[in-house]
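Working through the structure, step by step
Each chain is listed here by its residues.
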Amino acid sequence: MNNYRMNPKNGLEFGIYTLGDHIPDPHTGERITAQQRINEIIELAKMAEQAGLDFFSVGESHQEYFTTQGHTVVLGAIAQATEKIKIASSSTIISTLDPVRVYEDFATIDLISNGRAEIIAGRASRVGVFDLLGYSLRDYEELFEEKFELLCKINEEEIVNWSGEYRAPLSDAKILPRPLNGSLPIWRAVGGPPASAIKAGYAGVGMFLAMLGGPVSSFKHSITAYREAAKRNGHDPETLPIATAGFFYAAETTQEAQKEVYPYINEGMKLSNGRGFPKQHFAQGAHPHDVMNVGSPELIIEKILYQHEQFGHQRYIAQMDFGGVTFDKLKRNIDIIGTKILPEIKKYTAKN
Amino acid sequence: MKLVGLSGSMVGSKTRTAMNHALTILREKYPDIEVELIDLADYDVHFSDGRNYLEYEGDTGYVASTIMEADAVLIGTPIFQASIPAPLKNIFDLLPEEAFVDKVVGMIVTAGSPKHYLVVEQQLKPILAYMKATMVQTYVFVEEKDFYRKEITNDDVLFRMERLVEDLVSLFTAYEGIRKAKEAEYGF
């Protein structure tokens, strides 16, 4: 896990991720400005650090209702505003970017942050970015595979010789600056099904597994498939970290948490994915064996520990701001994580 | 309640004729229901390329969104080469996997001969079931011999259509009531 700057003895890492969504509050119909939203994201990262969280990441979605299209710039600001917390993208759509430029950006963020930057590269679940940046959806898979491979190569080799189909060849190219300690942790973002997890395993890179809802046992299939694929391809699964990510919302009681966050998640899903979140599924989300971490601090602790026991993952990343959840609610959640949830998670998962 | 009639063929007139009859019955019996007919022959719909339906533009985006926003869908389909027409299958491919959750779907089928009666049972219903539709199980099957110069001449067909329309509305009303009562119990 050294390449990933992780020490499993310190227990399960706890982080927050945002897609930078920018959605009207379903209660008032009003939307804060993009400027305010971006500043609140930077502020949220600072508060996460103060509360003792390990990780904060920002994603890019190039469509209406999102605001961190320039996610590397936001991460640069977060790098400057924080001191200890690890920072990453969640995810960087490498398919439609130039891996050289992405690496230059993240190596720079790594230097600004004194060695805290990571890249999570994904294929995009919202694909407006393909038209916008002039790529064809027909090349969806190959664009990602080729560019992700190049990104990993740049991470491993300071002087790169490479040629491929979707970018001009590189001949003895020196990709600068180099990150603080020579390389960056690079992860592959994966949706639910095992098919995609297997690809991360084959590549021998860390897996960021997004899980919206559903039984822990279903996602465990993806994790097992990932480890098996890694092993088959000559990688040691013991060296490959797994991060899981999904909805999070804590309140005094589970009922209260569900009541407060449901309208946000439902509206957010409607606007960004075109379908609300069925109440029946959301209600089942409170079961201790469902991956959705919405509930009282006690329920969330029980769920995360159960997930950790089943997955053996190294990092959990909470998405708590989806659908325009207001900043005061986010602050309260950070406070609950820092004072109630995190100490228990560390107590039961740390080994020293 | 919002109902969309989806006439799933680019050619011929029988399906459209049958749909016109059904929607006329619907409008007369239930004037409060908002009704819109989408005849695929009138739209330039692209083939599905896997993106989220919200990201299609033009007619494709319009047709997909209109269906997604409906509470009930009445599908009219001919039978081509022992199956549903490609344009209709394309509509399903454009939509998300669980597109028909909480939607009620009824079906009217037009065909040249009774030999194709089970095509809907074996090919259309499994697609709708996969996409989580609540279906009116009985569909109206209309044959060539029931039409004359773009009119339906068989009273039996019209009576069956009337029952289909009634069943569609009853089923939606019943399920909506059940769902609302269930959702009220959750307390969120």
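Our subject in this report is the structure included herewith.

Cut-off values and rules
- Residues numbered from 1 in each chain as written.
- Chains lettered and ligands numbered in written order.
- Predicted model: local features only at pLDDT ≥ 70, side-chain atom pairs only at ≥ 80, totals over all residues.
- Helix = DSSP H or I, 4+ residues; strand = E, 2+ residues; numbered from the N terminus.
- Rg over C-alpha atoms; globule rule 2.2 N^0.38 Å.
- Buried ≥ 20, exposed ≤ 12 C-beta atoms within 10 Å, placed from the backbone.
- Contact = placed C-beta atoms within 7 Å.
- Axes fitted to C-alpha atoms, helices over the stretch in contact; angles between N-to-C directions.
- Parallel < 35°, antiparallel > 145°, perpendicular 65-115°, else oblique.
- Left-handed = near helix turned anticlockwise from the far one by under 90°.
- Nonpolar A, V, L, I, M, F, W, Y, C, P; charged D, E, K, R; others polar.
- Core = buried A, V, L, I, M, F, W, Y, C linked by C-beta atoms within 7 Å.
- Pairing = 2+ DSSP bridges.
- Right-handed = clockwise from strand over helix to strand, strands pointing away.
- Expected span 1.5 Å × (residues − 1).

**Focus: the overall build of chain B**
Along its length, chain B carries five helices and eight strands. Along chain B, helices and strands appear, N-terminal first, in the series β-α-β-α-β-α-β-α-β-β-β-β-α. Computed over the C-alpha atoms, the radius of gyration of chain B is 16 Å, within 12% of the 16 Å expected from 2.2 N^0.38 for a compact globule of 188 residues. For chain B, the spread of C-alpha atoms along the principal axes amounts to about 55 × 35 × 30 Å. Each of the 188 residues in chain B was classed as buried or not, and the buried ones make up 37%. For chain B, the proportion of contacts with a sequence separation of at least 24, taken over those separated by at least 6, is 79%.

**Section: the overall build of chain A**
Of regular secondary structure, chain A possesses eleven helices and twelve strands. Over its C-alpha atoms chain A spans a radius of gyration of 19 Å, differing by no more than 12% from the 20 Å that the globule rule assigns to 352 residues. Projecting the C-alpha coordinates of chain A onto the three principal axes gives extents of approximately 60 × 45 × 40 Å. Burial statistics for chain A: of 352 residues in total, 49% are counted as buried. Nonlocal contacts in chain A, meaning residues at least 24 apart in sequence, comprise 74% of its contacts between residues at least 6 apart.

**Considerations on the packing of helix α3 (residues 99–112) of chain A against helix α5 (residues 140–156) of chain A**
Axis angle and axis distance: for two packed helices, these are the angle between their axes and the distance between the axes, and together they describe the pair. Residue and element names in this part refer to chain A. Between α3 and α5, the shortest axis-to-axis distance is 9 Å and the interhelical angle comes to 45°. The angle between the axes of α3 and α5 places the two elements in the oblique class. Considering how the two elements wind past one another, α3 and α5 form a crossing that is right-handed. For the pair α3 and α5, the contacting residues are Pro 99, Val 100, Val 102 and Tyr 103 in the first and Lys 147, Leu 150, Leu 151 and Ile 154 in the second. Looking at the contact of α3 with α5 residue by residue, the class counts come to seven nonpolar, no polar and one charged.

**Some remarks on the interface of chain B and chain A**
Taken residue by residue, the interface counts 15 residues in chain B and 14 residues in chain A. The residue makeup of the side of chain B that touches chain A, split by class, is seven nonpolar, three polar and five charged.

**Focus on unusual backbone geometry**
With an omega of 0°, the peptide bond between A:Ser90 and A:Ser91 qualifies as cis. Within the secondary structure, A:Ser91 sits in the loop between β3 (86–89) and β4 (92–93). Note the cis peptide between A:Leu176 and A:Pro177, where omega equals -5°. In this structure, A:Pro177 sits in the loop between β7 (170–174) and β8 (186–190). Residue A:Arg5 is not a glycine yet carries a positive backbone phi of 55°. Among the secondary structure elements, A:Arg5 is positioned in the segment before β1 (13–18). Classification of A:Arg5 as partly exposed rests on a count of 15 C-beta atoms within 10 Å. For B:Ala82, which is not glycine, the phi dihedral falls at a positive 65°. Note that B:Ala82 resides in the loop between β3 (72–78) and α3 (86–94). With 12 C-beta atoms counted inside 10 Å, the residue B:Ala82 sits in the exposed group.

**Details of the nonpolar core**
By size, the foremost hydrophobic cluster in this structure holds 101 residues, and its most contacted members are A:Ala48, A:Leu53, A:Leu151 and A:Leu209. Look past the residues within four positions of A:Leu53 in its chain and what remains in contact with it is A:Phe14, A:Gly15, A:Ile16, A:Ala48, A:Ile85, A:Ile337 and A:Leu342. Counting 54 residues, the second-largest nonpolar core is a separate cluster that includes B:Val104, B:Val105, B:Val120 and B:Phe172.

**Looking at the pairing of strand β9 (residues 206–210) of chain A**
For a regular strand, side chains alternate in direction, first toward one face of the sheet and then toward the other. Residues and elements named next belong to chain A. Of all the five residues making up β9, five are buried; the element is thus mostly covered by neighbouring parts of the structure. Judged by which residues are buried, β9 turns out to be covered on both faces: Gly 206, Phe 208 and Ala 210 on one side and Met 207 and Leu 209 on the other are all buried. Examined bridge by bridge, β8 and β9 share four bridges and lie parallel to one another. Its bridge partner being in β9, Ala 189 is matched across the sheet by Phe 208. Since β8 and β9 lie parallel, the crossover through helix α6 (residues 194–203) that links them has a hand, and here it is right-handed. Summarising the sheet, β9 and strand β10 (residues 242–250) pair through four bridges and their orientation is parallel. Residue Ala 210 lies in a different strand from β10, and its bridge partner there is Ala 245.

**Observations concerning α5(A)**
Because each turn of an α-helix spans 3.6 residues, side chains separated by three or four positions end up pointing in the same direction. Residue and element names in this part refer to chain A. Over its 17 residues, α5 runs 25 Å from end to end, which matches the ideal 24 Å to within 8%, given 1.5 Å per residue. Within the span of α5, buried status applies to Leu 143, Phe 144, Lys 147, Phe 148, Leu 150, Leu 151, Cys 152, Ile 154 and Asn 155. Turning to α5, the residues buried within the fold contact α3, β5 (117–122), β6 (159–162) and β8.

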